[in-house]
Amino acid sequence: MESFIAALMNSLALGMLLFLIAIGLNIIFGVLNIINFAHGALYMLGAYITYTVAVLTGVSFWIALFAAPLIVAAIAVVIERVMLHRIYDRPITDSLLLTFALLLIIDETVRWIWGSTIHVVDPPVSLSGTVRLLGVQQPIYGLFVIAMGLIVGLGLWGFFSGTRAGKVMRAAAIDRKMSRLVGIDVPLVFTGVFALGAGIAGFGGAIAAPIRAISPAMGGNIIVESFIVVVIGGLGSFPGAFLGALVLGAINGFGSRYLPDLNLVMPFLGMALVLLLKPHGLMGRSTS
Amino acid sequence: MSIRITKPLGAALVGAGMTLSATASAQEPIQIGAIYILSGVGSTYGEFAQNGANLAIDEINEDGGVLDRPLEITFEDSQLEAQTAIQAMRKLVYQDGVDVLMGLDSSGVATGVVPVVPEVETPFIITHAATPDATGKLCNQWTYRNSVNIPQNIKGAAIMAEESGANSWTTVGPDYAFGHQSWEYFQRYLGELNPDATFSDEPSFPAFGTEDFTPFINTVMSAQPDGVFLSIWGSDLVNFTRQANDLGFFDEDFEVLMSLGAATEVLSALGEQMPTGITVGTRYWYGAYDNEMNKAFVEAYRERHETPPSYNAQNAYSAVYAYKAAIEKAGEVDKVAIRDALKGMSYQAPMGEVRFREGDNQALVAPTYGTTAEDPDSELRMLDPQRTFAAEDVTPPLSETGCNLGG
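Model, not experiment: these values are computed from the prediction. Counting of residues starts from 1 at the beginning of each chain's written sequence and follows it residue by residue. Here chains are named by letter from A upward and ligands by number from 1 upward, in the order in which they appear as written. Reporting of local features is limited, given that this is a predicted model, to residues whose pLDDT is at least 70; pairs of side-chain atoms are given and counted only at 80 or more, and all residues count toward the totals for whole chains, interfaces and linings. Side-chain measures here rest on the full set of heavy atoms in the structure, leaving out hydrogens and waters.

Draft legend 1. Quick peek at the overall build of chain A. Each helix and strand counted, chain A has 11 helices and two strands in total. The order of α-helices and β-strands along chain A, N terminus first, is α-α-α-α-β-β-α-α-α-α-α-α-α. Here the globule rule is a power law, 2.2 Å times the number of residues to the power 0.38, and the radius of gyration is based on C-alpha atoms. Scaling as 2.2 N^0.38, a compact globule of 288 residues should have a C-alpha radius of gyration of about 19 Å, and chain A matches this with 19 Å. Once the C-alpha set of chain A is aligned to its principal axes, its extents read approximately 60 × 50 × 35 Å. A run of H or I in DSSP becomes a helix once it reaches four residues, and a run of E becomes a strand once it reaches two; helices and strands are each numbered from the N terminus.

Draft legend 2. Focus on the overall build of chain B. Within chain B, the regular secondary structure consists of 14 helices and 14 strands. Scaling as 2.2 N^0.38, a compact globule of 407 residues should have a C-alpha radius of gyration of about 22 Å, and chain B matches this with 22 Å. Only protein chains enter the accessibility calculation, which uses a 1.4 Å probe; a residue is then buried when its area is under 20% of its type maximum, exposed when over 50%, and partly exposed in between. The buried share of chain B, taken over its 407 residues, is 60%. Within chain B, counting contacts between residues at least 6 apart in sequence, those at least 24 apart form 70% of the total. Computed by Shrake-Rupley with a 1.4 Å probe, the accessible areas treat only the displayed protein chains as cover when residues are assessed. Put simply, chain B shows about 15500 Å² of open surface, and 47% of that area lies on carbon and sulfur atoms. In this tally, Lys and Arg are treated as positive and Asp and Glu as negative; His is ignored, and so are the chain termini. In this description, the location of a charge corresponds to atom NZ of lysine, CZ of arginine, CG of aspartate or CD of glutamate. Computing the positive centroid from 23 side-chain charges and the negative centroid from 56, chain B places the two 10 Å apart. Two residues form a contact once any of their heavy atoms are found within 4.5 Å.

Draft legend 3. The arrangement of the confidence of the model for chain A in detail. Every residue is assigned a pLDDT by the predictor, reflecting its confidence on a scale from 0 to 100. On average, residues of chain A score 90 in pLDDT, and 99% of them reach the 70 mark or higher. When mean pLDDT is taken per element in chain A, helix α3 (residues 61-82) of chain A scores highest with 96 and strand β2 (residues 136-139) of chain A scores lowest with 83.

Draft legend 4. Region of the structure containing the pairing of strand β10 (residues 279-282) of chain B. Residue and element names in this part refer to chain B. Neither face of β10 is open: one carries Thr279 and Gly281, the other Val280 and Thr282, and all of them are buried. Sheet topology places strand β9 (residues 255-258) next to β10; two bridges connect them, and they run parallel. Across the sheet, residue Leu257 finds its bridge partner in β10, namely Thr279. By the criterion used throughout, a crossover qualifies as right-handed when its path from the first strand across the helix to the second strand runs clockwise, the strands pointing away from the viewer. Following the chain from β9 across helix α10 (residues 264-270) to the adjacent parallel β10, one finds a crossover that is right-handed. One ladder, built from four bridges, connects β10 with strand β13 (residues 368-373); its direction is antiparallel. Bridge assignment links Val280 to a residue of β13, and that residue is Gly370. By the convention used here, strands pair only if DSSP detects at least 2 bridges between them.

Draft legend 5. A look at the interface of chain A and chain B. The partner chain B presents 33 residues to the 37 residues of chain A that form the contact. We define buried area as the total accessible area lost by two parts upon association, computed with a 1.4 Å probe and summed across both. In this assembly, chain A packs against chain B so that about 2700 Å² is buried in total across both faces, 50% of it on carbon and sulfur atoms. Among the residues of chain A in contact with chain B, A:Ile118, A:Arg212 and A:Arg257 are the three that bury the most area, contributing 21% of the side total. Salt-bridge detection follows one rule: a side-chain nitrogen of Lys or Arg within 4 Å of a carboxyl oxygen of Asp or Glu. For the pair chain A and chain B, the interface holds one salt bridge. A salt bridge links B:Glu211 to A:Arg212; the nearest nitrogen and oxygen atoms lie 3.2 Å apart. For the side of chain A that touches chain B, the elements supplying multiple residues, two or more each, are α1 (2-32), α4 (92-114), β2, α9 (219-233) and α10 (238-258) of chain A. A total of four residues in the side of chain A that touches chain B trace back to one element, the largest contributor, which is α10(A).

Draft legend 6. Representation of the sheet that holds strand β2 (residues 71-77) of chain B within the structure. Residues and elements named next belong to chain B. Reading across from one edge, β2-β1-β3-β4-β5 is the order of the five strands in this open sheet, with parallel pairing throughout. Looking at which strands have only one partner, the edges of the open sheet turn out to be β2 and β5 (143-145). Adjacent strand axes in the sheet meet at a mean angle of 25° when their direction is disregarded. Of the strand pairs in this sheet, strand β4 (residues 124-126) and β5 are connected by three bridges, and their pairing is parallel. Bridge pairing links Ile125 to Tyr144 in β5. Against the sheet, helix α3 (residues 82-95) engages β1 (30-36), β2, β3 (100-103) and β4, with an angle of about 170° to β1. Orientation is described by axes fitted as lines to C-alpha atoms, over the contacting stretch for helices, and by angles from 0 to 180 degrees between their N-to-C directions.

Draft legend 7. Representation of the pairing of strand β12 (residues 352-355) of chain B within the structure. Residue and element names in this part refer to chain B. Of the strand pairs in this sheet, strand β11 (residues 346-349) and β12 are connected by four bridges, and their pairing is antiparallel. By the bridge assignment, Ser346 is partnered in β12 with Arg355. If you look at the hairpin formed by β11 and β12, you'll find two residues sitting between the two strands.

Draft legend 8. How the structure looks around the sheet that holds strand β6 (residues 168-172) of chain B. All names here are of chain B. With mixed pairing, the seven strands of this open sheet are ordered in space as β7-β6-β8-β9-β10-β13-β14. Among the strands making up the open sheet, the edge pair consists of β7 (198-199) and β14 (382-388). Sheet topology note: the strand β8 (residues 227-230)/β9 ladder contains four bridges and is parallel. Bridge assignment links Gly227 to a residue of β9, and that residue is Glu255.

Draft legend 9. The packing of aromatic side chains, seen in detail. All names here are of chain B. What counts as a ring pair is set by centres within 6.5 Å for rings of Phe, Tyr and Trp (its six-membered ring), and what kind of pair is set by the plane angle: stacked under 30 degrees, edge-to-face over 60, tilted for all other angles. In this structure the tally under the stated criterion is 37 aromatic pairs over all chains. Considering the side-chain rings of Tyr144 and Phe356, the 5.3 Å spacing of their centres and the 75° angle between planes classify their relative orientation as edge-to-face. Here Phe356 lies in the loop between β12 and β13 and Tyr144 lies in strand β5, a separation of 212 residues in the sequence. Looking at Tyr144, the relative accessible area reads 1%, which means it is buried. Looking at Phe356, the relative accessible area reads 0%, which means it is buried. Feature note: the residues Tyr284, Tyr289, Phe297, Tyr301, Tyr317 and Tyr321 constitute an aromatic cluster, connected by ring pairs.

Draft legend 10. Inspection of the environment of B:Pro206 at higher detail. Topologically, B:Pro206 is positioned in the loop between β7 and α8 (214-223). For the pair B:Pro206 and B:Ala166, spaced 40 residues apart in sequence, the C-alpha to C-alpha distance is 24 Å. Excluding residues within four positions of it along the chain, B:Pro206 makes contact with A:Asn263, B:Val172, B:Gly173, B:Pro174, B:Asp175, B:Phe213 and B:Phe216.

Draft legend 11. Up close: α9(A). Residues and elements named next belong to chain A. For α9, which comprises 15 residues, the first-to-last C-alpha distance of 21 Å matches the rise-based estimate of 21 Å (1.5 Å per residue) to within 8%. Taken together, the buried positions of α9 are Gly219, Ile222, Ile223, Ser226, Ile228, Val229, Val230, Ile232 and Gly233. Considering only its buried residues, α9 is in contact with α1, α2 (39-56), α10 and α11 (266-277). Gly234, located one to two residues past α9, shows a positive phi value of around 115°. A helix is expected to reach a length of 1.5 Å times the quantity of its residues less one.

Draft legend 12. Expanded view of the side chain of B:Thr282. Residues and elements named next belong to chain B. With respect to the helices and strands, the residue Thr282 is situated in strand β10. Definition of a polar contact: a pair of N or O atoms within 3.5 Å, with one able to donate and the other able to accept a hydrogen when the atoms are protein atoms, and with sequence-neighbouring residues admitted only if both atoms are side-chain atoms. Within polar-contact distance, the side chain of Thr282 engages the backbone oxygen of Tyr284 at 3.3 Å. Excluding residues that lie within four positions of it along the chain, Thr282 makes contacts with Ser259, Leu260, Ala262, Ala263, Tyr311, Pro367 and Thr368.

Draft legend 13. Layout of the nonpolar core. Note on terminology: a nonpolar core comprises buried Ala, Val, Leu, Ile, Met, Phe, Trp, Tyr and Cys residues joined through side-chain atoms within 4.5 Å. Counting 113 residues, the largest nonpolar core has B:Met102, B:Phe186 and B:Phe249 as its most contacted members. The element contributing the most residues to this core is helix α12 (residues 311-330) of chain B, with 11 residues. When residues no more than four places from it in sequence are discounted, the contact partners of B:Phe249 are B:Ile217, B:Val220, B:Met221, B:Val228, B:Phe240, B:Ala244, B:Phe254 and B:Val256. Membership of the second largest hydrophobic core comes to 88 residues, among which are A:Ala22, A:Ala41, A:Phe190 and A:Ile214.

Draft legend 14. Looking closely at the packing of α10(A) against α11(A). Residues and elements named next belong to chain A. Interhelical geometry of α10 versus α11 gives an angle of 140° and a closest axis separation of 9 Å. By the angle between their axes, α10 is oblique relative to α11. Note that α10 runs across α11; the crossing there is right-handed. Mapping the contact onto sequence places Leu248, Ile251, Asn252 and Gly255 in α10 and Met266, Pro267 and Gly270 in α11. In this count, Pro and Cys sit with the nonpolar residues alongside Ala, Val, Leu, Ile, Met, Phe, Trp and Tyr, while Asp, Glu, Lys and Arg are called charged and the others, Gly among them, polar. For the contact of α10 with α11, a count of residues per class yields four nonpolar, three polar and no charged. Every angle not falling under 35 degrees, over 145, or within 65 to 115 is termed oblique; those three ranges are roughly parallel, roughly antiparallel and roughly perpendicular. Crossings are sorted by hand: turned counterclockwise from the far helix by less than a right angle, the near helix makes the crossing left-handed, and turned clockwise it makes it right-handed.

What follows is the structure, given as structure tokens:
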């Protein structure tokens, strides 16, 4: 029972971190129709900025937690204005190539600025150590990750369903032409959406910084997992990203604990199974 | 096809160059080609190798070069892919015309590259990749290795494990050849030293690049073995150690033995988060060798990079000096002459005197193991006590390597 609870809490923490990465990927796809290969690199950038703010300049982890997403979002605005906005009407392969190039550029820039060595960020004292919960020792930081995932998830849900800006973004996603006709500044909305998605990825990087080794290409693994989340949950679906992240978190958390021999293939088996049963993902709508 | 065209053309150009500047040709640099991971995951290792090789080359050139000729080096990125590394090797040989080759971080890449080395007819010193196959079943007369390999590294681990008195062992290692081979050798060597030793039939092999090791840490903690052998390395080991700290893994009642835990990149990153009192190993420890060359090397490296040299930096530094020794022994840079000069050759390195064993071209070198301890003078954990093995105690006999190039 104890090992079950340990695996459950671990799965939730893993899932919530994945959700923070995958949701931004999904929002960008949902509105801009771009599969952003560079999303993992933006997550990495968030972690490096956190390292810079919290360790190099010694300001504070809590400030970094705000600074990282804002800086990543600002960089995203530049990227969208300079590169991405030119290719929205082109075939999706163009956006794949362009964002892949972007990934390489960000990776090399990070190596150029921060070097190749491995960096770590210590969690703030208030989030260090473990606490006994449901009969097992839980890392406090894991609980913090779960809380942050839920807060961001609820916040985004509220934003998209309850605010004018959120509704405008959804409208632009559903019908660009009609949105333009009713007076929505679609290019501005698109810039905002890309910045929002990138900012959440940067926030994910900041959250991950105290529990992950920060080194070049740290975005590589997470982007593969995020794609799996998005495919399991359904491309472009908000609740799908949440559900997909929980499913993949559980596959990793429970699978690695109870079926360690299969830990390499399990995420892909899970994805294949979902696709066989629900070709559009658990929450995906049929687009045909 | 293109080779047939460029060869005579190249010869004509070289010939023309020689007649034009007969005096300058004495100064023509000796070209070294180096292949390391220079981007993405593992680029730390490429950077260390560059630091080490460049330092050696600068020292040698300041000293007048070799045979009055300066050394020059060209680096290529293996991108952690065997095919890319093979292309890089061909480019270095056929296009850049290098005289000698060095490099390779990953065992997977080495397994792909080693069989192709005879094709390019250029001596190659492997400085990092540790798979036994490179100087074992895939060995050839052009390929040498000056660094500690898996059997040497793991024999040291097995000796430490035997002395710890722990009998039941499990492992957590990366899920590719390195992790699995490390565990196989560990079982074989410890089994020979301690017939009472038992080995878990459910060892953990998380994917290379796993970010959350919690499930695997929990598995070991609930299995409660006497000892756990860890072959995880690099940023994976950094992640593992921090998460294990959080879960109280190191406070448990079992021995922890890390075959590569004393790598400086890991110790630098972890700082005080590296637990004390655990057994860690490395393929070169900068504080383990009391000789002039090591002292000078560590000092010069610290001056340039503000950190002590890693094993990978030493290995690359040492390979450049091996070339120098081979050129001086042969009296020329001709590739066949260098290949034959390296055979059975001894040379001076920070690790002490290194000899390439005739029969498999593997250097007789050995790992250092020690217990992590606090050191008020350093932000890194130190090894105290530390123990550097003798090569003859940890190197498998030639008959076990699967290679015999003739003695």
